[in-house]
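Close look at the chain arrangement
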Amino acid sequence: MIQAVIKGAYNLLVGLGVTFKNMLSKPVTFQYPEQKRVMPDRYRGRHFLNRDEDGMERCIGCSLCSVNCPVGCIHVVAAENDPDNPVSKGERYAEVYEINLLRCIYCGYCEEACPVDAVVLREHYELADYDRKKYIATKGDLLVYPEPNQFSVNFLGNTKIVNK
Amino acid sequence: MIDDILNFLDPYWWLIIGVVKAVIIAVGLLSTVPLLVWLERRLMGRFQVRLGPNRVGPFGLVQPMVDAIKLLFKENIVQKSADKFLFYLAPAIVVFTAIVTFSAIPFGEPFEVGGETIGLWGANLNIGLLFIFAVSSMGIYGIVIAGFSSNNKYSLMGGLRSSAQMISYELTLGLTALCVVIMSGSLNLYDIVKSQSSMPYAIPLFPAFVLFFIAGVAETNRAPFDLPEAEQELVAGFFTEYSGMKFAMFFMGEYVNMITMSALVTVLFLGGWNSYIPGLDIPILVFAFKVFLLLCVFIWLRSTFPRIRYDRLMTFGWKILLPSSLVIMLVYSAVKVYSLSA
């Protein structure tokens, strides 16, 4: 019985030691608004539409992202490319490309479904706003990421900026 | 004119000094509470490898003041089924008993000003220790009444748990404090501190010190013995129905009790304002430092240990703490008798 008491007291002291060690260690807090976190490569934040090496839109308006979307937040209207002044390399391009960011669950299925690596989810996580209307991301909002924005998806699904 | 006033006041200086001391103790104690809340939140944060509040003011020091302002301006909600009188009485009892308890604790040598001896205590009672136990156990009434008058089964359960817990741990508290009384031969806290001038009782009475501290943690309803207010199970327990400043008063009572318990441990076991280090002789600072250390230990315990189940709490109190404190008391009284007869 005395042995049990000593063992129990010892275990309590070990617990106290653990918290004491924690106290001396560096806090893991990010001082958020001043100090922003560097998100991991595979983080699924806000969507962007890629351009290719020549600065043309990658999206060919196939609507596979829209079909794959489990909540149906992507709206794509495709249009035929003008051969003299093409918008994308394919036959068609997305005339309208809208994502409802409030409805989106950031699952990344659109990114996986895209055959041309056009739509990607990037590390941007500061998505709060005061206006609901701003949450309908149109093509103008989605194509802005560093110009010319060229991403590739490697075999792990990581999106990366391709440097020229 | 002024001479007349002074002549009139002459026989009543003791009264004026008493009132001033009472005000200083009450105000000082209540203004320590926000600092203690700040300390607890910061220290808890560090124990949990985070920072704690650091936005409002330097190091977040203004945070508790801001919280207090928020609580003051909160809507005062009293549900229809509550017993209004008791509902308002309960927080007052809790804070009142907490402050009165502290008034009997000495925290320094008396000094003389203009022929009057001023002791650094609210009242130097012959039965100081007894008085403290008597008044602090009155605090249970506040908690039970709070649970009862809320007319809410969870509050009632919180209040009942609390009363059961405090009553059962008070026995251990009293028995271990009795060891100190046996060794020093006095119930007067000032004399107890004086008798520790060469060595604090924590060393010869180490088991009693440990048991007293454990029972003290249970007595102040602090984690891991914070069953009465068990945030997760009872939704703040006996003060579920309280809002605004009345809610804050329960908090204040708890923190003042924490300070009182630390001060009591300091006086009984850690030698009060005796510093034991030559050259470091500023009685109030030494006392405050010891109390501060004990408060840190309180917070340390809270951030380390999970809450004990209710039946185990009772088992621990009645089957382990009480018999062992009885044995310890008997051993020390035997030692005392032997040393007196030898």
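Residues numbered from 1 in each chain as written. Chains lettered and ligands numbered in written order. Predicted model: local features only at pLDDT ≥ 70, side-chain atom pairs only at ≥ 80, totals over all residues.

Helix and strand counts for chain A come out as 4 helices and 7 strands. For chain A, the N- to C-terminal ordering of α and β elements is α-β-α-β-β-α-β-β-α-β-β. Within chain A, the proportion of its 164 residues that are buried is 23%. Contacts spanning at least 24 positions in sequence make up 68% of the contacts within chain A whose residues lie at least 6 apart. (Helix = DSSP H or I, 4+ residues; strand = E, 2+ residues; numbered from the N terminus. Buried ≥ 20, exposed ≤ 12 C-beta atoms within 10 Å, placed from the backbone. Contact = placed C-beta atoms within 7 Å.)

Let us now look at the overall build of chain B. Broken down by element type, chain B carries 12 helices and 2 strands. Beginning at the N terminus, the succession of helices and strands in chain B can be written as α-α-α-α-β-β-α-α-α-α-α-α-α-α. Taken against the 2.2 N^0.38 rule, which gives 20 Å for 342 residues, the C-alpha radius of gyration of chain B at 21 Å falls within 12% of a compact globule. If one aligns the C-alpha atoms of chain B with their principal axes, the spans along those axes are about 65 × 60 × 40 Å. Buried positions account for 42% of the 342 residues belonging to chain B. Residue pairs in contact within chain B that sit at least 24 positions apart in sequence constitute 77% of those at least 6 positions apart. (Rg over C-alpha atoms; globule rule 2.2 N^0.38 Å.)

Here we come to the packing of helix 2 (residues 13-47) of chain B against helix 11 (residues 283-304) of chain B. All names here are of chain B. Close contact between helix 2 and helix 11 brings their axes to 10 Å; oriented N to C, the two are set at 45°. Judged by the inter-axis angle, helix 2 sits oblique to helix 11. The two elements helix 2 and helix 11 meet at a crossing, and its hand is right-handed. Between helix 2 and helix 11, the contacting residues are L36, L39, E40, L43, M44 and F47 on the first element and L295, C296, I299, W300 and S303 on the second. When grouped by side-chain class, the residues that make up the contact of helix 2 with helix 11 number 9 nonpolar, 1 polar and 1 charged. (Axes fitted to C-alpha atoms, helices over the stretch in contact; angles between N-to-C directions. Parallel < 35°, antiparallel > 145°, perpendicular 65-115°, else oblique. Left-handed = near helix turned anticlockwise from the far one by under 90°. Nonpolar A, V, L, I, M, F, W, Y, C, P; charged D, E, K, R; others polar.)

Take the interface of chain A and chain B next. Counting from both sides, the interface comprises 9 residues of chain A and, opposite them, 10 residues of chain B. Residue composition of the side of chain A that touches chain B, by class: 4 nonpolar, 5 polar and no charged.

Turning our eyes to something else, we now look at the sheet that holds strand 3 (residues 92-100) of chain A. Two modes of strand pairing occur in sheets, parallel and antiparallel, and in both the strands are linked by backbone hydrogen bonds. Residue and element names in this part refer to chain A. The antiparallel open sheet is built from 3 strands, whose spatial order is 2-3-5. A single partner strand is all that each edge strand has here, and the edge strands are strand 2 (74-80) and strand 5 (136-137). Both strand 3 and strand 5 contribute to a ladder of 2 bridges, which runs antiparallel. In the sheet register, N100 faces strand 5, and the bridge partner there is I136. (Pairing = 2+ DSSP bridges.)

Once that is clear, we can look at the confidence of the model for chain B. Residue and element names in this part refer to chain B. Per-residue confidence for chain B averages 85 on the pLDDT scale, and 98% of its residues sit at or above 70. At the level of individual helices and strands, chain B shows its lowest average pLDDT in helix 9 (residues 231-234), which scores 67, and its highest in helix 8 (residues 206-219), which scores 89. Across the predicted assembly, pTM comes out at 0.81 and ipTM at 0.75. (pLDDT = per-residue confidence, 0-100.)

One ladder, built from 7 bridges, connects strand 2 of chain A with strand 3 of chain A; its direction is antiparallel. Looking at the pairing, V76 of chain A lines up with Y97 of chain A of strand 3 of chain A.

The next subject is the nonpolar core. Counting residues in each nonpolar core, the largest one holds 87 residues, and the members touching the most others are F212, I259 and L268 of chain B. A total of 16 residues in this core trace back to one element, the largest contributor, which is helix 10 (residues 244-269) of chain B. With residues near it in sequence (within four places) discarded, L268 of chain B still touches A177, V180, I192, Y201 and F212 of chain B. Core analysis: the next-biggest nonpolar cluster, separate from the first, contains 22 residues, C59, Y97, C110 and L121 of chain A among them. (Core = buried A, V, L, I, M, F, W, Y, C linked by C-beta atoms within 7 Å.)

Residue and element names in this part refer to chain B. Taking 1.5 Å of rise per residue, the 26 residues of helix 10 would be expected to cover 38 Å, and the 38 Å separating its terminal C-alpha atoms lies within 8% of that figure. Judged by how many residues are buried, helix 10 sits mostly within the fold: 23 of 26 residues are covered. Backbone geometry just downstream of helix 10 places G271 in the positive-phi region, at approximately 80°. (Expected span 1.5 Å × (residues − 1).)

This part takes up unusual backbone geometry. Unlike most non-glycine residues, Y106 of chain A shows phi in positive territory, near 55°. On the secondary structure map, Y106 of chain A appears in the loop between strand 3 and helix 3 (109-113). Owing to 15 C-beta atoms within 10 Å, Y106 of chain A belongs among the partly exposed residues under this scheme. A positive phi angle is found at N221 of chain B, which is not glycine, with a value near 60°. Note on placement: N221 of chain B falls in the loop between helix 8 and helix 9.

As a further point, take the environment of M314 of chain B. Mapped onto the secondary structure, M314 of chain B falls in helix 12 (residues 310-341). For the pair formed by M314 of chain B and A123 of chain B, sequence separation is 191 residues and the distance between their alpha carbons is 35 Å.

Turning next to the packing of helix 8 of chain B against helix 12 of chain B. Residues and elements named next belong to chain B. Where helix 8 contacts helix 12, the two axes come as close as 10 Å, and the packing angle between them is 145°. Note on packing geometry: the crossing formed by helix 8 with helix 12 is left-handed. Contacts from P207, A208, L211, I214 and A215 of helix 8 reach helix 12 at L321, S324, S325 and I328. Per-class residue counts for the contact of helix 8 with helix 12 are 7 nonpolar, 2 polar and no charged.

What follows is about the environment of Y109 of chain A. Residues and elements named next belong to chain A. Tracing the sequence through the fold places Y109 in helix 3. Between the C-alpha atoms of Y109 and P70, which are 39 residues apart in sequence, the distance is 8.1 Å. Each residue touching Y109, except ones within four places of it in the same chain, is listed here: N68, C69 and P70.

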